[in-house]
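# Geometric and topological summary
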Amino acid sequence: ETGVTQTPRHLVMGMTNKKSLKCEQHLGHNAMYWYKQSAKKPLELMFVYSLEERVENNSVPSRFSPECPNSSHLFLHLHTLQPEDSALYLCASSLGSTGGEGYTFGSGTRLTVV
Amino acid sequence: LAKTTQPISMDSYEGQEVNITCSHNNIATNDYITWYQQFPSQGPRFIIQGYKTKVTNEVASLFIPADRKSSTLSLPRVSLSDTAVYYCLVGFHGQNFVFGPGTRLSVLP
């Protein structure tokens, strides 16, 4: 366990479904991140929250909607996804407002869109 | 952001020392060099971070020459469990780091 917990570990959803991914950290970190990792591709930064405020959104489609209710919890709400959205979704946290001091990643949610 | 270049893949045998070199020709004065390890279906794990010369921890050593235009991650006496993707990242403590494709290390028996 890294201290960053993601649930569920696996998720299969239809294109018309609505689901949410959850991330939780109790490391006292101030920033949280969502990354997407597709097969044989580098990690892509999706969203950054620093002290519960979104500070970066890397042109992610609106069918992905993040929510950060407090510094320990981060959600990624999914709706009307496409098959190409199937990927490993990783949550990370860092002590500082960016990852300069090192990221701590969760184990990810393996999402399959059918 | 400084761009990094590292080999796509490497093979090694158990018990050998593995050195993975990363090039970062346009590294800035404030930039640090950080290495991560990722196993399949898991998130990357922080291995080591350095600014210049040599850094060593219980897992690896990081060698950085005086010009800092490259760095070498050294894994002593690798085992099968060291088979993973290794990422070299360059940036300073005030920006979000960008992950490249990494180096896929395969340790053979």
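Residues numbered from 1 in each chain as written. Chains lettered and ligands numbered in written order. Predicted model: local features only at pLDDT ≥ 70, side-chain atom pairs only at ≥ 80, totals over all residues. Heavy atoms only, no water.

### Describing the overall build of chain A
What counts, and what does not: Where helices and strands are cited, they refer to DSSP runs of H or I of at least four residues and of E of at least two residues respectively, numbered from the N terminus. With the radius of gyration taken over C-alpha atoms, the globule rule is written as 2.2 Å times the number of residues to the power 0.38. Relative accessibility thresholds used throughout: buried, under 20% of the residue-type maximum; exposed, over 50%; partly exposed, between the two (1.4 Å probe, protein chains only). Whether two residues are in contact is decided by their heavy atoms, any of which lying within 4.5 Å being enough. Surface exposure here means Shrake-Rupley accessible area, sampled with a 1.4 Å probe, where a residue is shielded only by the protein chains that are shown.
Secondary structure assignment for chain A yields 0 helices and 11 strands. Taken over the C-alpha trace, chain A has a radius of gyration of 13 Å; the compact-globule value for 114 residues is 13 Å, and the two agree within 12%. Once the C-alpha set of chain A is aligned to its principal axes, its extents read approximately 35 × 25 × 25 Å. When burial is assessed residue by residue, chain A has 50% of its 114 residues classed as buried. Contacts spanning at least 24 positions in sequence make up 55% of the contacts within chain A whose residues lie at least 6 apart. Carbon and sulfur atoms provide 50% of the accessible area of chain A, an area that totals close to 5300 Å².

### Focus: the sheet that holds strand β1 (residues 9–13) of chain B
Residue and element names in this part refer to chain B. The cut-off we apply is this: Pairing between two strands requires that DSSP report at least two bridges joining them. Orientation is described by axes fitted as lines to C-alpha atoms, over the contacting stretch for helices, and by angles from 0 to 180 degrees between their N-to-C directions.
Strand order across the open sheet formed by 5 strands is β1-β9-β8-β3-β4, with mixed pairing between neighbours. Of all the strands in the sheet, just β1 and β4 (45–50) have a single pairing partner and so form its edges. Across the sheet, the axes of successive neighbouring strands diverge by a mean angle of 25°, strand direction being ignored. In this sheet, β4 lies alongside strand β3 (residues 32–38) in antiparallel orientation, the contact comprising 5 bridges. Note on β4: the bridge partner recorded for Gln37 is Arg45.

### With respect to the nonpolar core
Residues and elements named next belong to chain A. For the record, the criterion: Only buried Ala, Val, Leu, Ile, Met, Phe, Trp, Tyr and Cys residues count toward a nonpolar core, and they belong to the same one when joined by side-chain atoms within 4.5 Å.
Counting 22 residues, the largest nonpolar core has Trp34, Phe64, Leu76 and Leu78 as its most contacted members. Elements supplying a minimum of two residues to this core: β2 (10–13), β3 (18–25), β4 (31–37), β5 (44–50), β7 (64–70), β8 (73–79), β9 (87–94) and β11 (109–113). What Leu76 contacts, discounting residues up to four positions off in sequence, is Lys19, Ser20, Leu21, Trp34, Met46, Phe47, Phe64, Ser65, Pro66 and Tyr89.

### A word on the pattern of salt bridges
Residues and elements named next belong to chain A. Inclusion rule: Every case where a carboxyl oxygen of Asp or Glu lies within 4 Å of a side-chain nitrogen of Lys or Arg is listed as a salt bridge.
For the structure on display, the rule yields 2 salt bridges over all chains. Taking the shortest distance from any N to any O, the salt bridge between Lys22 and Glu24 comes out at 3.8 Å. With a shortest N-O distance of 2.7 Å, Asp85 and Arg63 are connected by a salt bridge. In this pair, Asp85 is assigned in the loop between β8 and β9 and Arg63 in the loop between β6 (53–57) and β7, connecting sequence segments 22 residues apart.

### As for the packing of aromatic side chains
For clarity, the threshold we go by: The aromatic pairing rule takes the rings of Phe, Tyr and Trp, using the six-membered ring of Trp, and pairs them if the centres are within 6.5 Å, calling planes under 30 degrees apart stacked, those over 60 edge-to-face and the rest tilted. Should the NZ of a Lys or the CZ of an Arg lie within 6 Å of a ring centre and within 35 degrees of the ring normal, that charge is described as sitting over the ring.
One pass over the full model with this rule turns up 15 aromatic pairs over all chains. Summarising the aromatic geometry, the rings of Tyr35 of chain A and Tyr103 of chain A are spaced 6.1 Å apart at their centres and angled 85° between planes, so their arrangement reads as edge-to-face. Residue Tyr35 of chain A is found in strand β4, and its partner Tyr103 of chain A is found in the loop between β9 and β10 (104–105); the two are separated by 68 residues along the sequence. For Tyr35 of chain A, a relative accessible area of 1% translates into the label buried. Members of the aromatic cluster, each reached through a chain of ring pairs, are Tyr33, Tyr35, Tyr103 and Phe105 of chain A together with Tyr36, Phe46, Tyr87 and Phe99 of chain B. Against the face of Tyr51 of chain B rests Arg68 of chain B, its NZ or CZ located 4.0 Å from the ring centre.

### A look at unusual backbone geometry
Residue and element names in this part refer to chain A. Residues Thr7 and Pro8 are joined by a peptide bond in cis, for which omega reads -10°. By the secondary structure assignment, Pro8 is in the loop between β1 (4–7) and β2. Of note in this structure, Thr80 is not a glycine but carries a positive phi near 45°. Summarising the element assignment, Thr80 is placed in the loop between β8 and β9.

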